[in-house]
Amino acid sequence: MIHVLAIITAKPGERETVLKAFQANVPNVLAEEGCIEYGAVIDAEPGLPVQTPAGPDTFIVIEKWASLEALKAHGAAPHMASYAAKSRPHIANRVVHILSGV
């Protein structure tokens, strides 16, 4: 199984715009072959003392895929290109971690 954490930081004040585009695309992604989990999360309020806040402009996408091949197909899907075109002007930074279990 492949796990992905994508840390998306929107331009100041634009997180909701990016999240709206993201949420509209979620059903397309969940329908992809090999998609096990795909969703966005934001900071829990209030957090615990050990929490390192992501911040008001950031959300994290938590993904699980059956295989690296399924993840590659996801990245090439037309609906992902459409989402990228809609969200790119509003994104300040994106960091993607692709992980496997140990």
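Counting from 1, residues in each chain are numbered in the order their sequence is written. Under the rules for a predicted model, residues below a pLDDT of 70 receive no local features and side-chain atom pairs below 80 are neither given nor counted, while totals for whole chains, interfaces and linings still include all residues. To obtain the side-chain values, all non-hydrogen atoms of the structure were included, while hydrogens and water were left out.

**Q** Looking at this model, I keep getting lost on the sheet that holds strand β1 (residues 2-10). Mind explaining?
**A** Strand order in the open sheet formed by four strands is β2-β3-β1-β4, and the pairing between neighbours is antiparallel. The open sheet has two edge strands with one neighbour each: β2 (35-41) and β4 (91-100). Each neighbouring strand pair of the sheet contributes to a mean axis angle of 10 degrees, computed without reference to strand direction. Sheet analysis places β2 next to strand β3 (residues 58-65), joined by six bridges and oriented antiparallel. Bridge pairing links Gly 39 to Ile 62 in β3. Between two residues, a contact is recorded if the distance between any of their heavy atoms is within 4.5 Å. The convention used is that axes are lines fitted to C-alpha atoms, helices contributing only their stretch in contact, and that angles between N-to-C directions extend from 0 to 180 degrees. By definition, any uninterrupted DSSP run of H or I lasting at least four residues is a helix, any uninterrupted run of E lasting at least two residues is a strand, and each is numbered from the N terminus. Docked against the sheet, helix α2 (residues 68-76) engages β1, β2, β3 and β4, running at close to 130 degrees with respect to β3. Between any two strands, pairing holds if DSSP finds at least two bridges.

**Q** I tried to follow the layout of surface pockets on my own but got confused; where do I start?
**A** Empty space among the atoms can be located by rolling a probe the size of a water molecule over them. Here the term cavity refers to a set of points on a 1 Å grid, laid over the protein atoms alone, in which a 1.4 Å probe fits but cannot get out; the term pocket refers to an open set having protein on both sides within 12 Å along at least five of seven lines, with lining residues being those that place an atom within 4 Å of a point. Grid points are joined across faces, edges and corners, and a volume is the space filled by probe spheres set on the points. One number sums up the size of the largest pocket: a volume of about 530 Å³. Contributing to the lining of the largest pocket are 21 residues, with His 74, Met 80, Tyr 83, Arg 94 and Val 96 lying nearest its centre. When contributions to the lining of the largest pocket are tallied by element, the ones reaching two or more residues are β1, β3, α2, α3 (78-87) and β4. Sort the elements by how many residues they give to the lining of the largest pocket and α2 lands first, with five residues. For this scheme, ten residues count as nonpolar: Ala, Val, Leu, Ile, Met, Phe, Trp, Tyr, Cys and Pro. Four count as charged, namely Asp, Glu, Lys and Arg, and the remainder, Gly too, count as polar. Residues that form the lining of the largest pocket fall into these classes: 14 nonpolar, three polar and four charged.

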